[in-house]
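Residue strings, one per chain:
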Amino acid sequence: MLRTITALLAALALIAIAGCDGGSDSETTITASDVPGGAAAADVEVIRGWVDALRGGDVEAASDFFAIPSTAENGPVLMDLDTRADVVRFNRSLPCGAKLVRAEDSGDFTTATFRLTERPGPGVCGAGTGELAETAFKIEDGKIVEWRRQEFGAPNAEGHAV
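Residues numbered from 1 in each chain as written. Predicted model: local features only at pLDDT ≥ 70, side-chain atom pairs only at ≥ 80, totals over all residues. Heavy atoms only, no water.

## What about the overall build of the protein chain?
To keep it simple, the criterion reads: Secondary structure elements follow DSSP: runs of H or I no shorter than four residues count as helices, runs of E no shorter than two count as strands, and numbering proceeds from the N terminus. A simple rule labels every residue: compare its accessible area, found with a 1.4 Å probe on the protein chains alone, to the largest value its type can have, and call it buried under 20%, exposed over 50%, or partly exposed in between. By definition in these notes, contact holds between two residues if any of their heavy atoms fall within 4.5 Å. Here the accessible surface of atoms and residues is derived via Shrake-Rupley with a 1.4 Å probe, and residues count as covered only by protein chains that are part of the display.
Check the secondary structure of the protein chain and you find 4 helices and 6 strands. Ordered by position from N to C terminus, the α and β elements of the protein chain give α-α-α-β-β-α-β-β-β-β. When the 162 residues of the protein chain are sorted by exposure, 44% land in the buried category. Partitioning the intrachain contacts of the protein chain with sequence separation of at least 6 by distance along the chain shows that 63% fall at a separation of at least 24. Surface summary for the protein chain: the accessible area is close to 7,700 Å², and the carbon and sulfur share equals 54%.

## Structural notes on unusual backbone geometry
A negative phi angle is the norm for most residues apart from glycine, just as the trans form is the norm for most peptide bonds. Geometrically, the link from Ile68 to Pro69 is a cis peptide bond, its omega value of 0 degrees lying close to zero. Its place among the elements puts Pro69 in strand β1 (residues 66–74). Positive phi outside glycine occurs at Asp141, with the angle close to 50 degrees. Locating Asp141 in the fold gives a position in the loop between β5 (132–140) and β6 (143–150). The exposure class assigned to Asp141 is exposed, which follows from its relative accessible area of 82%.

## So, the sheet that holds β6
Here is the rule we go by: The rule for pairing is simple: two strands pair if DSSP sees at least two bridges between them. Interaxial angles span 0 to 180 degrees and are taken between N-to-C directions of axes, which are lines fitted to C-alpha atoms, for helices over the stretch in contact.
Strand order in the open sheet formed by 6 strands is β2-β1-β6-β5-β4-β3, with mixed pairing between adjacent strands. Of all strands in the sheet, those with a lone pairing partner are β2 (77–81) and β3 (97–106), marking the two edges. The average angle at which neighbouring strand axes cross in this sheet is 20 degrees, direction not considered. Across 6 bridges, the pairing between strand β4 (residues 109–117) and β5 is antiparallel. In the sheet register, Thr110 faces β5, and the bridge partner there is Phe137.

## Focus on the packing of aromatic side chains
Which entries qualify depends on this criterion: Note on aromatic contacts: the rings of Phe and Tyr and the six-membered ring of Trp form a pair at centre separations within 6.5 Å, being stacked when their planes are under 30 degrees apart, edge-to-face when over 60 apart, and tilted otherwise.
Scanning the entire structure with this criterion turns up 7 aromatic pairs. Between the aromatic rings of Trp50 and Phe66, the centroid separation amounts to 6.4 Å while the plane-to-plane angle is 70 degrees, which identifies the pairing as edge-to-face. In this pair, Trp50 sits in helix α2 (residues 41–55) while Phe66 sits in strand β1, placing the two residues 16 residues apart along the sequence. Considering the side-chain rings of Phe114 and Phe137, the 6.2 Å spacing of their centres and the 65 degrees angle between planes classify their relative orientation as edge-to-face. Taken together, the residues span a long stretch of sequence, with Phe114 in strand β4 and Phe137 in strand β5 at a distance of 23 residues. Summarising the burial analysis for this pair, Phe114 and Phe137 share the class buried.

Don't take any of this as a statement about function, it's just geometry.
Okay, structure coming up:
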């Protein structure tokens, strides 16, 4: 149970100010087609842009990937993000950074799997570091309109565990 809670908290972190692992400049650039899972390339680019900005500690840039208004559901908490300040506050609240490792389409959503990392800024990913976490994104016109943390390994829209 504690591991599940830790992983869920880490999932928040992945979206927030992710980046303690630093994401070195010497890493090979990965394109949307290099991300397993077959999700739409445009959605993968939005998700990766957001999580890379967070992992790098750039909350303002990460917030640029959200539509206003938008919705974030982090566990039992549903947040209406009606202003830019709301979006920035949400992103800043996430304790972990993350790297995108998989993305697949699930109806109107793209379910992304992340490997959690530490990141610069407030918050500590702690025991969640290295764990996998999932978030479902609804993306419209290149912006995140819904961000919903998922239980890792739960069935997707097609009934497959992801």
